[in-house]
Amino acid sequence: MSEPSFRPRSWTPAPASPRTGAAAWEAAFATCYVELCEYVLRLVGSAEAAEDVVHDLFLQLWDTRGAPGQGRLSRPYLFVAARNRALKYLRHRRVVAAWIERASQEQAPLVDSPEDECLRRELDDAVQRAIAELPSRCREVFVLRRRDALPYDQIAARLGVSLGTVKSQMWRATVRLKERLMPFLAPPVSAKDRPTYHLF
Amino acid sequence: MIEYSDLLRLVEGECSPEEAAAIQAWVAADPARGELLDQVRALWRLTGDPSRPWDLAGARDRLLRVRGRHAAQRSGGLPARSRATGFLRMARAGPLPVWRRVWVASPWVLRIAVTLVLVIAGWAAWQRGAPPVPAREYVTAPGQRLAVSFSDGSRVLLGVASRLRVPRDYGVRTRAVELEGEAYFVVRHDPAHPFLVRTAHGTTEDLGTEFDVRAYREERSLQVIVAAGRVALRRTEGADSLLLRPRDRGVIDAGGTVTIISGVSLKHYLAWIRGTLQFDDAPLGGVLAQLERWYDLEIQTTDRSLERERLTISFTTAAPDEALSALARVLGARFTREERVVRLTSVRPVR
């Protein structure tokens, strides 16, 4: 159960004064749980497994709370620890080596900079336009799924179509949006451009 | 068959770990698919924040519950007296690869009978009007393990001195088996035909998973260890069930009390699969009972003081004498053996 020992190159210190024990744990959980799940989901591909990985991480942090090491509940630490656990999980599941390689090169989400914020607004407009221009059935399915977070079967029931139709419409919407928004879909950052933490 | 549209399920996390692994393998097979996946993910990030509604409050509740139990287990589970000198490192180092299912190729020299059994799903027989398959029973002697494969893809490794009964109606509506002893199950999940393990003290239901069930008659309890996926645990009487997750240990004792401890060591509880017997601060009585099952022995202790001992020890050997000498060294005891009968006596007073 070894957690990484690493020195990130830089990170913004937590705004509040360092808390210890249970309160710090609670705070870290409340602020990072969803993001960590999202991040681990990207690596392992299964929400169920992602929740288990993050769950175990927080359980272990609880057991070792109060131990020396200021950064143990900091964002960078949590993301690296979560990634290591996700990779360990993938190895246990004996997922093909190429996938583990991909997962190990994933970059942890960083804090948005003001420039990101600005770009984001421009992007939002483009995204809204692209969604509005989808064929109507396609758009209906996509919006019910992405905005209202309805499960596929409920979308099928609501629109009175088959589950297969919902799936194919979702995929059609995805492909169309992808074509529309291609200029904004940043190429994946190559491994060399990333800050490297040596963990293994 | 995996299709491009399955990438969406991967991005949204709408798949079980097994399905995720299959789709990941499919993606890894072709760089173009990987590129497409990256684009879909980027698109998902653009069109809304989280890919799914994560249940933060539920997760917090679960963690708080588990946290309490976990803390209790840790503080109560420390050995009464450290036996640093007695800990035998006979087991090879390295974690137990629970997911590497090389049961039969294990280096362990115990007799392992391997059979491939086709339990024809009952409904198939029923549909063709053929007579139902007879009930089958698999029994292992002390010192013997048995790997059983079902036609639905599920597999069972039956531990020593255990009995697994597969009723005639296996697969008709449910896939219920009856167990006495210990077995490790790798179940091919099928919601339409739930897989149930019935024991004297309760029932374990598979919800897509790998798990270990232990219910030796003389232990008068049921213990379930989850290695992967989900399991529902129910008392023999009563409909309410408890959900167990990976690394949960659920126990139903003779009085029907259910205890769940999270974050247990799979390596420890599943060591038997690799042919290692592992005990961690275990009462001598339990250790002896297990040695009897593994080496087909009858062990007698005359010394009352020994019975209070708790020990941390592991055995990997196939030779009963080697195991017994290791035990004797740790206990500071002496043993004599005649055929199956072993006498264990203390040579020095217990400190």
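Here the residue index of a chain counts from 1 through its sequence in written order. To label them, take the chains in the order written and letter them from A, then take the ligands in the order written and number them from 1. The predicted nature of this model means local features are confined to residues of pLDDT at least 70 and side-chain atom pairs, given and counted, to a pLDDT of 80 or more, with totals for whole chains, interfaces and linings taken over all residues.

What follows concerns the overall build of chain A. The helix and strand tally for chain A stands at eight helices and zero strands. Per the convention used, a helix needs a DSSP run of H or I reaching at least four residues, while a strand needs a run of E reaching at least two, with both numbered from the N terminus. Secondary structure of chain A in N-to-C order comes out as α-α-α-α-α-α-α-α. Counting other C-beta atoms within 10 Å of a residue's own tells you its class, since 20 or more makes it buried, 12 or fewer makes it exposed, and anything in between is partly exposed; those C-beta atoms are placed from the backbone. Each of the 200 residues in chain A was classed as buried or not, and the buried ones make up 32%.

All names here are of chain B. Positionally, Glu309 belongs in the loop between helix 8 (304-307) and strand 15 (310-315). C-beta crowding within 10 Å serves as the criterion here: with 23 such atoms nearby, Glu309 is assigned to the buried category. A sequence separation of 26 residues divides Glu309 from Pro283, and the C-alpha atoms of the two residues are 6.1 Å apart.

This part is about the packing of helix 3 (residues 75-92) of chain A against helix 4 (residues 97-104) of chain A. All names here are of chain A. The contact between helix 3 and helix 4 brings their axes to 10 Å, and the two run at 180 degrees. When the interaxial angle is binned, helix 3 and helix 4 end up roughly antiparallel. The residues of helix 4 that touch helix 3, namely those facing Ala86, Leu87, Leu90 and Arg91, are Trp99, Ile100, Ala103 and Ser104. A breakdown of the residues in the contact of helix 3 with helix 4 according to their chemical character gives six nonpolar, one polar and one charged. Axis definition: a line fitted to C-alpha atoms, limited for helices to the stretch in contact. Angles are taken between N-to-C directions and run from 0 to 180 degrees. If an angle is under 35 degrees, it is roughly parallel; if it is over 145, roughly antiparallel; if it lies from 65 to 115, roughly perpendicular; otherwise it is oblique. This entry defines residue contacts through backbone-placed C-beta atoms, with two residues in contact when those atoms are within 7 Å. Each residue receives one of three labels: charged for Asp, Glu, Lys and Arg, nonpolar for Ala, Val, Leu, Ile, Met, Phe, Trp, Tyr, Cys and Pro, and polar for the others, Gly being one of them.

With 44 residues of chain B at the interface, the matching set in chain A holds 46 residues. Each residue belonging to the side of chain B that touches chain A can be placed in one class, and the counts come to 24 nonpolar, twelve polar and eight charged.

Our focus in this paragraph is the sheet that holds strand 14 (residues 298-301) of chain B. Residue and element names in this part refer to chain B. Taken in spatial order, the three strands of this open sheet run 14-17-16, and their pairing is mixed. This sheet does not close on itself; its edge strands, each paired only once, are strand 14 and strand 16 (333-338). Averaged over all pairs of adjacent strands, the angle between strand axes in this sheet comes to 20 degrees, irrespective of strand direction. DSSP-based pairing: two strands are paired if at least 2 bridges between them are found. Here strand 16 runs beside strand 17 (residues 341-346); their pairing, made up of six bridges, is antiparallel. The partner of Ala333 across the bridge, within strand 17, is Ser346. On top of the sheet, helix 9 (residues 320-331) reaches strand 16 and strand 17; it is set at about 155 degrees to strand 16, its chief contact.

Let's shift gears to the confidence of the model for chain B. All names here are of chain B. The predictor attaches a confidence to each residue, called pLDDT, with possible values from 0 through 100. When pLDDT is averaged across chain B, the result is 76; 79% of the residues are at 70 or more. Confidence over residues 74-132 falls short of pLDDT 50; this stretch has 97 contacts with residues more than four positions distant or in other chains. Here the predicted complex carries an ipTM of 0.77, next to a pTM of 0.47.

Three- or four-residue spacings in an α-helix give side chains the same orientation, since the helix completes a turn every 3.6 residues. Residue and element names in this part refer to chain A. The terminal C-alpha atoms of helix 3, which comprises 18 residues, lie 26 Å apart, in line with the 26 Å expected from a rise of 1.5 Å per residue. For helix 3, the buried fraction is high: 13 of the 18 residues fall into the buried class. Remark: Arg94 follows helix 3 within two positions and exhibits a positive phi of approximately 55 degrees. How far a helix is expected to stretch is found by multiplying one less than its residue total by 1.5 Å.

Residues and elements named next belong to chain B. Burial along strand 5 (residues 163-166) is one-sided: the residues Leu164 and Val166 are buried and none of Arg163 and Arg165 is. Across four bridges, the pairing between strand 2 (residues 136-139) and strand 5 is antiparallel. Bridged to Arg136 within strand 5 is Val166.

Our next topic: the packing of helix 1 (residues 21-44) of chain A against helix 3 of chain A. All names here are of chain A. Taken N-terminus to C-terminus, the directions of helix 1 and helix 3 make an angle of 35 degrees; their axes are 10 Å apart at the nearest point. Here the hand of the crossing between helix 1 and helix 3 comes out right-handed. Residues Ala28, Cys32, Leu36, Tyr39, Val40, Leu43 and Val44 of helix 1 lie in contact with helix 3, whose contacting residues are Arg75, Leu78, Phe79, Ala82, Arg83, Ala86, Tyr89 and Leu90. Class assignment of the residues belonging to the contact of helix 1 with helix 3 gives a composition of 13 nonpolar, no polar and two charged. Each crossing gets its hand from how the near helix is turned against the far one by less than a right angle, where anticlockwise is left-handed and clockwise is right-handed.

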